[in-house]
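# Coordinate analysis (summary)
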Amino acid sequence: MGKYWDAGIETLKFEELQKVQLERLRQTVARAGRSPFYGERLRQAGITSDSFQSLEDIRQIPLTSKDDLRAHSRDMLTVPLRDIIRVHASSGTTGQATVVYYTRTDIELWADLVARSLYMTGLRADDVFQNMMGYGLFTGGLGFHYGAERLGAMTIPAGAGNSKRQVQLMQQFATTAIHIIPSYALFLLTTFAELNVDPQDLPLRLAYIGAEPYSAETRQRIEEAYGLKAYNCYGLSELNGPGVAFECPEQNGSHVWEDSFLLEVLDPETLEPVGPGVVGELVFTNLTRQGMPLLRYRSRDLASYDDQPCPCGRHSRRISRIQGRTDDMIIIKGVNIFPIQIDRVLMGLPEVDANYLVELKQEGANETMVVKVEVKQDYFREDLKFLKALQKKITEALKSDLLVTPRVELVEHNSLPRGEGKAVRVVDYRVKG
Ligand code: COA
Ligand code: ZN
């Protein structure tokens, strides 16, 4: 197989790639039109698969927002339920989660893209791959798992957390490659130290890091501490999950798999396309997805692109590190949380007063979410037992919705700072890097 997993696609010249994209765009629009949601949208906009003479014509299609997806994902299906074999969901366990449906072909195409990505970084069938992402509804668990298996690497479905066991698994199976959240990679070093194990003595040589923003310095620290090469992976569950864009050995931006995703980078205010090197919102159109193709999906992630040829021989454009987001989503321990989820949980508890404050902190190598909650005067008694129980109740209510355990602090009515105008509910003290 040599240097490329899929040389025919990976080394296509950009103009050739664009021809493939145009053809697949027409097919995708025809397919999407079979779903109740896009059927209606495209009809209203007067668009058919013949509407596209060039890729620029995509701009006639209305953008798809996260709210569209939340409200209508079931109506975006182009096939009957009997053809769907899996669902994943992102952020939130109650109501607001965005759900994504996959056909068998979608799972296979996705696994192939992840395999292509891993192969690009040098992972091979004789590698041992330990996947430390959450295996539930998160796409990072099963998404990487299927990709690594497809490539033929021995895959350890370690899942998230349980730090001592992670180190033991690495020792027992002589793990060579890991998929890990960057903040956890740094945190895990404390466990290595406790166990008196030096990660440098293990055969680790590759790490895949993603799922949360991190700096170039964090990557460097991970590479040095573990003695490996760490590659950035980008993906979002709405478009499959991991394997939308991935770094090549040049480690200079992530190649977008443009045969599968049509990328636009738009000014988030004017929605006009921006040129190379300019930061804008990443907007993606699925080009191969069967069950639930999304057209012009606004990722809310801000980054720039580079269209210069890459020394690795691939011609697809590369995106920069994500520079920020257009929404207020919090990412902690690789889990996506919208502040509104916290609000909903807290405001649903009768003991909670009107004000609260969320602080995101870096404590040593660990990330913590501290939630300071004002308790109504009637409930704020000196009965310690009562307050302890209340604290536990709030912690559990938040944990079951957010999937991350916050540290809840109860404070007296009217004791949190109250600014003028819009309440500041979230303060992020974490320094990335
Ligand atoms: N990833 C994985 N494990 C993590 C972690 C992270 N980012 N941050 C901390 N942990 C570990 C802790 O060290 C702890 O290990 P231990 O069992 O050795 O004590 C364990 O997870 C639980 O820690 P705690 O602080 O109680 O976690 P929590 O209840 O706040 O969160 C997690 C639970 C870690 C399971 C949750 O944050 C999670 O599922 N993270 C992974 C998300 C993911 O896979 N995203 C992929 C998106 S593609
Ligand atoms: Zn490259």
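As the structure is a prediction and not an experimental result, all values here were calculated from the model.

Conventions we followed
Residues numbered from 1 in each chain as written. Chains lettered and ligands numbered in written order. Predicted model: local features only at pLDDT ≥ 70, side-chain atom pairs only at ≥ 80, totals over all residues. Heavy atoms only, no water. Helix = DSSP H or I, 4+ residues; strand = E, 2+ residues; numbered from the N terminus. Rg over C-alpha atoms; globule rule 2.2 N^0.38 Å. Contact = heavy atoms within 4.5 Å. Areas by Shrake-Rupley, 256 points an atom, 1.4 Å probe, with all protein chains shown as cover. Lys, Arg positive; Asp, Glu negative; His and termini not counted. Charge placed at Lys NZ, Arg CZ, Asp CG, Glu CD. Near = heavy atom within 4 Å. Polar contact = N/O pair within 3.5 Å; in protein donor to acceptor, adjacent residues only side chain to side chain. Disulfide = S-S within 2.5 Å. Core = buried A, V, L, I, M, F, W, Y, C linked by side-chain atoms within 4.5 Å. Buried < 20%, exposed > 50% of the residue type's maximum accessible area, 1.4 Å probe, protein only. Domains from an automatic or database assignment. Buried area = accessible area lost by both parts, 1.4 Å probe. Salt bridge = Lys/Arg side-chain N within 4 Å of Asp/Glu carboxyl O. Nonpolar A, V, L, I, M, F, W, Y, C, P; charged D, E, K, R; others polar. Arc of directions from axis to C-beta. Pairing = 2+ DSSP bridges. Axes fitted to C-alpha atoms, helices over the stretch in contact; angles between N-to-C directions. Donors = N, O, S within 2.8 Å, 3.2 Å for Na, K, Ca; no water. Tetrahedral: all angles 85-135°; square planar, octahedral: opposite > 155°, others 65-115°. Left-handed = near helix turned anticlockwise from the far one by under 90°.

Turning to the overall build of the protein, a few remarks are in order. Each helix and strand in the protein was counted, giving 11 helices and 21 strands. Expected size for 433 residues packed as a compact globule is a radius of gyration near 22 Å; at 23 Å, the protein falls within 12% of this value. When its C-alpha atoms are laid out on the principal axes, the protein stretches across 70 × 60 × 45 Å. Within the protein, residue pairs in contact and separated by at least 24 positions form 66% of the contacts whose partners lie at least 6 positions apart. About 18800 Å² of surface is accessible on the protein, with carbon and sulfur atoms providing 50% of the total. Here the protein contributes 51 positively and 57 negatively charged side chains, and the mean placements of these two sets differ by 3 Å.

Of all residues adjacent to ligand 1, which total 19 residues, the nearest are Gly134, Ser163, Phe187, Lys333 and Thr405. Between ligand 1 and the protein, one listed contact pairs an oxygen atom with a backbone N or O atom of Asn162 at 2.9 Å. Contact distances for ligand 1 include 2.6 Å between an oxygen atom and a backbone N or O atom of Ser163. Notes on ligand 1: free accessible area 890 Å², of which the protein chains cover 74%.

Applying the stated rule across the entire model yields 0 disulfides. You can see Cys233 has no disulfide; the closest cysteine sulfur is in Cys248, sitting 14 Å from it.

Looking now at the nonpolar core. The biggest cluster of nonpolar side chains holds 65 residues, and the ones touching the most others in it are Leu118, Tyr208, Phe246 and Phe284. Ranked by residue count, the leading element in this core is helix H5 (residues 104-120), at 8 residues. Residues in contact with Tyr208, not counting those within four places in the same chain, are Leu118, Thr121, Leu123, Phe129, Phe144, Ala177, Ile178, His179, Ile180, Tyr231 and Phe246. If you look at the next biggest cluster of nonpolar residues, it comprises 24 residues, including Ile330, Val345, Met369 and Val371.

This paragraph deals with the domain arrangement of the protein. The assigned domain composition of the protein is domain 1 (1-327) and domain 2 (330-428). Each of domain 1 and domain 2 was reduced to a C-alpha centroid, and the two centroids are 32 Å apart. Of the residues lining the interface, 16 residues belong to domain 1; the matching set on domain 2 comes to 14 residues. Between domain 1 and domain 2, a total of about 1300 Å² is buried, with carbon and sulfur atoms accounting for 59% of that surface. The interface formed by domain 1 and domain 2 holds 0 salt bridges in total. For the pair domain 1 and domain 2, the number of links is 1 residue pair in polar contact (both at pLDDT 80 or more). Tallied by class, the residues present in the side of domain 1 that touches domain 2 amount to 6 nonpolar, 6 polar and 4 charged.

We now examine helix H10 (residues 339-347). Taken as a whole, H10 has its buried residues at Pro339, Gln341, Ile342, Val345 and Leu346. One side of H10 carries all its buried residues, which in axial view fall inside an arc of 155°.

A separate point is the sheet that holds strand E21 (residues 426-428). The strand order across the open sheet formed by 4 strands is E20-E19-E18-E21, and the pairing between neighbours is mixed. In the strand order of this sheet, the two ends are held by strand E20 (407-412) and E21, each with one partner. Each adjacent strand pair in this sheet contributes to an overall mean axis angle of 20°, direction not counted. Here strand E18 (residues 352-363) runs beside E21; their pairing, made up of 3 bridges, is parallel. For Leu360, the partnering residue across the bridge sits in E21 and is Asp428.

Note on metal geometry: ideal angles are 109.5 degrees for four donors arranged tetrahedrally and 90 or 180 degrees for six donors arranged octahedrally. Taken together, Cys248 (SG), His255 (NE2), Cys310 (SG) and Cys312 (SG) make up the protein donors of the zinc ion (ligand 2), found 2.1 to 2.3 Å from the metal. For the zinc ion (ligand 2), the 4 donor atoms are set out with angles of 102 to 116° between them, so the coordination reads as tetrahedral. In terms of primary sequence, the donors binding the zinc ion (ligand 2) are separated according to C-x6-H-x54-C-x1-C.

Take helix H9 (residues 216-226) next. Along H9, the positions that sit buried rather than exposed are Thr218, Arg219, Ile222, Glu223 and Tyr226. Each buried residue of H9 sits inside an arc of 135° when the element is viewed along its axis, so together they form one side. On its buried face, H9 is in contact with helix H8 (182-194), strand E6 (206-209), strand E7 (229-236) and strand E8 (241-247). Where H9 terminates, the next one or two residues include Gly227, which has phi positive at roughly 70°.

Turning to the packing of H10 against helix H11 (residues 384-402), a few remarks are in order. The packing of two helices is summarised by the inter-axis angle and the distance between the axes. Put simply, H10 and H11 touch, their axes get as near as 10 Å, and they point 140° apart. Between H10 and H11 the crossing geometry is right-handed. Within the contact between the two elements, H10 uses Gln341, Ile342, Val345 and Leu346 and H11 uses Ile394, Ala397, Leu398, Asp401 and Leu402. For the contact of H10 with H11, the class distribution of residues is 7 nonpolar, 1 polar and 1 charged.

Residue placement: Val244 occurs in strand E8. Judged by relative accessible area, Val244 falls into the buried class, the value being 0%. The spatial distance from the C-alpha of Val244 to the C-alpha of Leu113 is 7.9 Å, given a sequence separation of 131 residues. With residues near it in sequence (within four places) discarded, Val244 still touches Tyr234, Gly235, Leu236, Leu239, His255, Val256, Trp257, Phe261 and Phe284.

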